[in-house]
Amino acid sequence: FSRYIRPASPYSSTFAAGDSLLLKRGTTCQGELWPKGSGVSGSPITHGSYGTGAQPIINGNGTVNPLVKLFNQHYWVVQDLEIMGGQGKGLYISGSNASTPLNYFRVINVNSHNHGINDGESAIYIGEYQIQSVNDVVVDGVTGHDAFRGVDIGGNCCNNPAIRSNNITVRNATVWNAHNDGMFVFSSNNVLIETSVAWDTGIQPLSENHTPNGIWTWDCDNCLLQFNESSLAHSPEWDGGGFDIDYFSHNTTLQYNYGHDNDAYCVGIFGGDGADATTNNTFRYNVCSNNARDASYQEKRQG
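Residues numbered from 1 in each chain as written. Predicted model: local features only at pLDDT ≥ 70, side-chain atom pairs only at ≥ 80, totals over all residues. Heavy atoms only, no water.

Focus: the packing of aromatic side chains
(1) Moving on: Inspection of the entire model under this criterion finds 14 aromatic pairs.
(2) Moving on: Considering the side-chain rings of tyrosine 129 and phenylalanine 186, the 6.1 Å spacing of their centres and the 70° angle between planes classify their relative orientation as edge-to-face. Within this pair, whereas tyrosine 129 is found in the loop between β9 (122-126) and β10 (134-140), its partner phenylalanine 186 is found in strand β15 (residues 183-194), the two being separated by 57 residues in sequence.
(3) Moving on: Note on tyrosine 129: relative accessible area 40%, which makes it partly exposed.
(4) Moving on: Given the relative accessible area of 3%, phenylalanine 186 is considered buried.
(5) Moving on: Here the aromatic rings of tryptophan 176 and tryptophan 199 are separated by 5.2 Å at their centres, their planes lie at 5°, and the arrangement is stacked. Residue tryptophan 176 is found in strand β14 (residues 174-178), and its partner tryptophan 199 is found in strand β16 (residues 197-201); the two are separated by 23 residues along the sequence.
(6) Moving on: Tryptophan 199 sits in the partly exposed class, given a relative accessible area of 30%.
(7) Moving on: Of the aromatic side chains, those joined through ring pairs into one cluster are Tyr129, Phe184, Phe186, Trp216, Trp218, Tyr247 and Phe248.
(8) Moving on: Cation over ring: lysine 36 sits above tryptophan 34, and NZ or CZ is 4.2 Å from the ring centre. (Phe/Tyr/Trp six-rings, centres within 6.5 Å; stacked < 30°, edge-to-face > 60°. Helix = DSSP H or I, 4+ residues; strand = E, 2+ residues; numbered from the N terminus. Buried < 20%, exposed > 50% of the residue type's maximum accessible area, 1.4 Å probe, protein only. Lys NZ or Arg CZ within 6 Å of the ring centre and 35° of its normal.)

Overview of the pairing of strand β8 (residues 102-113)
(1) Moving on: For strand β6 (residues 76-84) and β8, the ladder comprises eight bridges, and the chain directions are parallel. When the bridges of β8 are listed, tryptophan 76 appears paired with phenylalanine 105.
(2) Moving on: As paired strands, β8 and β10 are joined by six bridges and run parallel to one another. By the bridge assignment for β10, asparagine 103 is matched with asparagine 135.
(3) Moving on: Both β8 and strand β11 (residues 143-147) contribute to a ladder of three bridges, which runs parallel. Residue histidine 113 lies in a different strand from β11, and its bridge partner there is histidine 145. (Pairing = 2+ DSSP bridges.)

Here's the deal with the pattern of salt bridges
(1) Moving on: For the structure shown, the criterion picks out seven salt bridges.
(2) Moving on: Between aspartate 136 and arginine 106 there is a salt bridge whose closest N-O contact spans 2.9 Å. Residue aspartate 136 is located in strand β10, and its partner arginine 106 is located in strand β8; the two are separated by 30 residues in the primary sequence.
(3) Moving on: On the basis of relative accessible area, arginine 106 is assigned to the buried category, the value being 17%. (Salt bridge = Lys/Arg side-chain N within 4 Å of Asp/Glu carboxyl O.)

Thoughts on the side chain of arginine 164
(1) Moving on: Topologically, arginine 164 is positioned in the loop between β12 (149-153) and β13 (165-171).
(2) Moving on: Residue classification places arginine 164 among the buried positions, given a relative accessible area of 0%.
(3) Moving on: In contact with arginine 164, other than residues within four places in its own chain, are Ser133, Asn156, Asn159, Ser187, Ser188, Asn189, Asp219, Cys220, Asp221 and Phe248. (Contact = heavy atoms within 4.5 Å.)

Examining the confidence of the model for the protein chain
Note: predicted coordinates in regions of low pLDDT should not be interpreted at a detailed level.
(1) Moving on: Counting all residues, the mean pLDDT for the protein chain is 91, and 92% of those residues have values of 70 or more.
(2) Moving on: Here residues 1-12 is modelled with pLDDT under 50, and outside its nearest four sequence neighbours on either side it reaches 26 contacts, counting other chains as well. (pLDDT = per-residue confidence, 0-100.)

Structure, rendered in structure tokens:
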């Protein structure tokens, strides 16, 4: 550990605004890491690395879930780490259904991979379905592979903008070998996903009965996906497409993306009647090539 750690013991102490928990590059740490405490606006806590060489590794050896955890905490920067070998979740940022979102997270240059493939878990998981919303999140330059999902961000739901997560940015992310979705942002307002790449997603078996896509949003208002690439998307049953604007979405735009060589559609825009409807969504200036590669069943070929 870095000499710049303020508390006497990183295992038992609570970090304060402006503190740094830094791991020496070229080293490996074993087991769960859950640093406590919260930063404040303008003075977050930083969990990262120091020195030269390869990123420090946090290795769960297949027995820890989640592996790196922040829970009911605010104002953290997590950067320049390799997180591997979790039993399920790699990096997990969530809470216990607080009435207000958790604020300010920056996840930068994190490589999270080779985790368990338990249903609903991810290499990078921020917020939680029907439980915890977050606000002001930037995920930049991350890599996620060989996990259930690559990047998974969302919040409380459904079809209720007042309780969703807000102000989510994912950029320069790379995801592959995802058991389910590559990148999935759900139950959120004001989302930007850009300059990111997903391939070889949805490789799970038929028995799991899910609906994976490469890069998609659901229950999402005022969301923009642009300059992304999704390819080689698969599915055991439904979907298996490159991009998807799904139920409860309004004013979402897909533009300047490249979808190719997917088992099913390049893009899907889905919604039902009444409260389920998706409205005012836009698909434009995209390039779609060589999609609908799996003709074994009609349901996967919706576009």
